[in-house]
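Listed below are the residues making up each chain.
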Amino acid sequence: MGSTYTVKYVRSGDGPSKEMLHSEVEALLGELDKQLSTYRSDSDVERFNALPAGSCEPMPDMVRELVAAGGQLSADSDGAFDLTLEPLLNLWGFGPQGRGERVPSAEDIRAARALTGQQHLSIDGDRLCKAVALQLDFNSIAAGYAVDLVIDRLKALGVQSYLVEITGELKAEGRKPDGSPWRIAIEAPRDDQRVAQKIVELDGMGVSTSGDYRNYFERDGRRYSHTLDPQSGQPIEHHLAAVTVIDKSTLRADGLSTALMVLGPEKGLALAERNGIAAFFVVREGQGFVTTSTKAFDELFGAGVEQ
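Nothing here was measured: the structure is a model prediction, and the numbers come from that model.

Scoring rules and cut-offs
Residues numbered from 1 in each chain as written. Predicted model: local features only at pLDDT ≥ 70, side-chain atom pairs only at ≥ 80, totals over all residues. Heavy atoms only, no water. Helix = DSSP H or I, 4+ residues; strand = E, 2+ residues; numbered from the N terminus. Buried < 20%, exposed > 50% of the residue type's maximum accessible area, 1.4 Å probe, protein only. Contact = heavy atoms within 4.5 Å. Polar contact = N/O pair within 3.5 Å; in protein donor to acceptor, adjacent residues only side chain to side chain. Pairing = 2+ DSSP bridges. Axes fitted to C-alpha atoms, helices over the stretch in contact; angles between N-to-C directions. UniProt positions renumbered as here; feature names shortened; annotations may be inferred. Parallel < 35°, antiparallel > 145°, perpendicular 65-115°, else oblique. Left-handed = near helix turned anticlockwise from the far one by under 90°. Nonpolar A, V, L, I, M, F, W, Y, C, P; charged D, E, K, R; others polar. Salt bridge = Lys/Arg side-chain N within 4 Å of Asp/Glu carboxyl O. Expected span 1.5 Å × (residues − 1). Arc of directions from axis to C-beta.

Attention now goes to the environment of Ser257. Inspection of the secondary structure puts Ser257 in helix α7 (residues 250-274). Exposure remark for Ser257: the relative accessible area of 0% places this residue in the buried category. For the pair Ser257 and Gly15, spaced 242 residues apart in the sequence, the C-alpha separation amounts to 34 Å. Those residues in contact with Ser257 that lie beyond four places of it in its chain are Ser208, Thr209, Ser210, Val243 and Val245. Side-chain polar atoms of Ser257 contact the side chain of Ser210, separated by 2.9 Å.

So, about the sheet that holds strand β15 (residues 278-285). As summarised here, the arrangement of the seven strands in space is β1-β5-β6-β9-β14-β15-β16, forming an open sheet in which the pairing is antiparallel. Pairing within the sheet leaves two strands with one partner each, and these edge strands are β1 (5-9) and β16 (288-293). Sheet twist, expressed as the mean angle between neighbouring strand axes with direction ignored, is 10°. Sheet topology note: the strand β9 (residues 205-211)/strand β14 (residues 240-247) ladder contains six bridges and is antiparallel. Residue pairing across strands places Ser208 opposite Val245, the latter belonging to β14. On the sheet, helix α1 (residues 18-36) packs against β1 and β5 (162-166) and is oriented at approximately 145° with respect to β1. This element, α7, spans β6 (169-173), β9, β14, β15 and β16 of the sheet and lies at about 130° to β14.

UniProt's entry tags Ser140, Asp254 and Thr258 with the feature "binding site: Mg(2+)" (unreviewed entry), counted in the numbering of this structure. In terms of the greatest pairwise C-alpha distance, the residues named above, spread along 119 residues, form a tight cluster of at most 6.8 Å across. When you line up the elements, Ser140 lands in the loop between β4 (127-130) and α6 (142-156). With a relative accessible area of 16%, Ser140 lands in the buried category. Setting aside anything within four residues of it in sequence, one finds Ser140 in contact with Phe81, Leu83, Asp254, Gly255 and Thr258.

What follows deals with the packing of helix α3 (residues 61-76) against α7. As a packed pair, α3 and α7 sit with axes 10 Å apart at the nearest point and diverge in direction by 15°. Taken together, the axes of α3 and α7 lie roughly parallel to each other. Crossing handedness for the pair α3 and α7: right-handed. Along its contact with α3, which presents Leu66, Ala69, Leu73 and Asp76, the element α7 presents Leu251, Arg252, Gly255, Leu256 and Leu271. Partitioned by chemical class, the residues of the contact of α3 with α7 number six nonpolar, one polar and two charged.

Evaluated as defined, the whole model comprises twelve salt bridges. Across the salt bridge formed by Arg40 and Asp33, the nearest N and O atoms sit 2.9 Å from each other. Note that Asp61 and Arg64 form a salt bridge whose closest N and O atoms lie 2.5 Å from each other. Taken together, the residues span about one helical turn, with Asp61 and Arg64 both in helix α3 at a distance of three residues.

Read across the open sheet, the three strands follow the order β2-β4-β3; overall the sheet is antiparallel. Looking at the sheet topology across the chains shown, the edges are occupied by β2 (55-58) and β3 (121-124). Direction aside, neighbouring strands of the sheet carry axes that sit 25° apart on average. As judged from the four bridges shared by β2 and β4, these two strands associate in the antiparallel manner. Counterpart to Glu57 in the pairing with β4 is Leu128.

Another point: α1. The α-helix winds at 3.6 residues per turn, so residues separated by three or four positions along the chain end up facing the same way. End to end, α1 covers 27 Å across 19 residues, agreeing with the expected 27 Å (1.5 Å per residue, within 8%). Regarding α1, the residues found buried are Leu21, Val25, Leu28, Leu29, Leu32, Gln35 and Leu36. Angularly, the buried residues of α1 cover 125° about the axis, an arc narrow enough to put them on a single face. Within α1, the exposed residues directed more than 90 degrees away from the buried face are Glu19 and Ala27. Against the buried residues of α1 lie β1, α2 (44-49), α3, α6 and β5.

Right, dumping it as structure tokens:
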């Protein structure tokens, strides 16, 4: 995934050794990379991406599981989540085959949008099919999925208390050796330094934050975020700077944070409240930020609007 991961855990007396856990995690992440990476031409997803329109191809479980999860997230977010945006990401310079950051023409955007759309994907038994020559990109949920898989493996090996973080998505459960909970900081949306916006305690919950404050470019005084709206094929333009989602499934938290980031502060908050999503929004207002959270988030961590 071109990034880092961290596993912290409390070892019991008869638990597995650090070396064994490290080896197991490395093997699992290696398999994920082999199946899901868009940065290597021999991965299963890149093999599928190279196929023409109207093709079906047997795909391993991980690929099909993520396509199914992506379809559900798309349905739950009124189309704000889409796994097929790679042609548009490349066009804007944010994708694995991007040729530098640029502002494409309306004609180029229309042409790329014709090759996107979650509705053009279908699963037929062990085969994955596409109606148009689309390309899959799992970067919006692969890290959350990886966190969940690593945790499943740790639990199978007897680990009960842990904090697993992969490319910034994380989940924690249990207690540290001194009995205190795992505490994590929700980062303030600043590109100049790392500052904690809010501290939360996790026990059996995954957390994901999406924001526009790190991966973007500027042209002629205008800011272009790496988060694209599937409906327009263009970067989001609202005032939502970051959104954090808490969910028992880190995969779901990962995907929902992206979807809410696309929808923006009003539509995103409305959808999160309607669906009982625990979400924390940071919105630009003037030279500062205003934060708000959903009822489900407040029930977990306490209420409060900050400025």
